[in-house]
Amino acid sequence: MTPFRLGLAALVATLLLDQASKLWLYLGTDLVLTQPWRFGPYAELVVVWNRGVSYGLFQQEGGIGRWLLVALSLAAALGLGLWMRRAPSRLLALSLGLIAGGALGNAVDRAAYGAVFDFVHLHAGTWSWYVFNVADAAIVAGVIGLILDGLLPQRRSAGPTEKNAPTV
C-alpha cells in the first residue's frame, strides 16, 4: 500500500469511527440522561459540548466563531491532505491522515450541532484529563506520529555521487 493510500485509509477510518461513536452514544443510548457511566476509578463517559478548540479554549457562542472554526478545520484538513499526497513515508502519511480525519470529524460536529461532542473523561484521584472523543485521540496520535517521523533518520537511497563523497 502506498503512503498516500494508507493515509487516506486512516483519514476515512478516523472520520467514520468518530462519527459512528458520537451518533451511537448520543442517539443510540441514554448516556445524556444517565451520565456519567463509570468504568472503574479512572474513566467515565460523559456528555460535554465543546464550543471552543483544544482544552475548551476560545469558546464560541456566536455563529461567526462556529463557522470560522469549521472553515479553519476544513482548510487544515485540505492542507494536510495535500501534504499527505506527497508524503514519502508510511508513518508520515498515516499521521497526517489521522490528524485530517480528526479535524474533519470535529468539523462535522461544529457544522451539525454548533459544538463538538466530547465524551471520554480520564481521571485519577484529584487529577483530571480533559474530556475528548475519537477525533481528538486520533489528532494526538497523529501528532505523536509526526514527531516520531521527524526524529527517524531519513531512509533515502544514496546516489552514486553521495556514496563516494567524503564525510566531514
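See the structure shown above.
The shown structure was predicted, so the numbers you read here are calculated from the model rather than taken from an experiment.

Rules of the game
Residues numbered from 1 in each chain as written. Predicted model: local features only at pLDDT ≥ 70, side-chain atom pairs only at ≥ 80, totals over all residues. Heavy atoms only, no water. Phe/Tyr/Trp six-rings, centres within 6.5 Å; stacked < 30°, edge-to-face > 60°. Buried < 20%, exposed > 50% of the residue type's maximum accessible area, 1.4 Å probe, protein only. Lys NZ or Arg CZ within 6 Å of the ring centre and 35° of its normal. Axes fitted to C-alpha atoms, helices over the stretch in contact; angles between N-to-C directions. Helix = DSSP H or I, 4+ residues; strand = E, 2+ residues; numbered from the N terminus. Parallel < 35°, antiparallel > 145°, perpendicular 65-115°, else oblique. Contact = heavy atoms within 4.5 Å. Nonpolar A, V, L, I, M, F, W, Y, C, P; charged D, E, K, R; others polar. Patch = residues over 30% accessible without salt bridge, like charges linked within 9 Å, V, L, I, M, F, W, Y side chains within 5 Å. Areas by Shrake-Rupley, 256 points an atom, 1.4 Å probe, with all protein chains shown as cover. Salt bridge = Lys/Arg side-chain N within 4 Å of Asp/Glu carboxyl O. Pairing = 2+ DSSP bridges.

Enquirer: Account for the packing of aromatic side chains, naming residues and giving values.
Expert: Enumeration over the complete set of coordinates arrives at eight aromatic pairs. Ring centres of F117 and F119 lie 5.6 Å apart, and the angle between their planes is 45 degrees; this geometry places the pair in the tilted category. Accessibility assignment for this pair places F117 and F119 in one class, buried. Site record: aromatic cluster; members linked through ring pairs are Y26, W49, Y113, F117 and F119. Across the ring face of F4, the terminal group of R85 is positioned such that the distance to the ring centre comes to 4.6 Å.

Enquirer: Give me the lowdown on the packing of helix 1 (residues 3-27) against helix 5 (residues 134-151), citing residues and values where you can.
Expert: With their axes 8 Å apart at the nearest point, helix 1 and helix 5 run at an angle of 150 degrees to one another. Looking at the two axes, helix 1 sits roughly antiparallel to helix 5. Counting all contacts with helix 1, which are made through T14, L17, D18 and S21, the residues of helix 5 involved are V134, A135 and A138. Partitioning the contact of helix 1 with helix 5 into residue classes produces four nonpolar, two polar and one charged.

Enquirer: So what's going on with a nonpolar patch on the surface? Residues and values would help.
Expert: A cluster of nonpolar residues, L23, Y26, L27, V32, L33, W49 and Y113, forms a patch on the protein surface that exposes about 690 Å² of accessible area. When residues of the nonpolar patch are traced back to their parent elements, those giving at least two are helix 1 and helix 2 (31-34). Inspection of the secondary structure assignment puts W49 in strand 2 (residues 43-50).

Enquirer: Explain the pairing of strand 2 residue by residue, including any values.
Expert: Summarising burial for strand 2: six of the eight residues are buried, a large majority. As paired strands, strand 1 (residues 37-38) and strand 2 are joined by two bridges and run antiparallel to one another. Residue W37 lies in a different strand from strand 2, and its bridge partner there is L45. What sits between the antiparallel neighbours strand 1 and strand 2 is a turn of four residues, in which G40 has the positive phi angle 80 degrees. The sheet contact formed by strand 2 and strand 3 (residues 116-124) spans six bridges and is antiparallel. Of the residues in strand 3, the one forming a bridge with N50 is V116.

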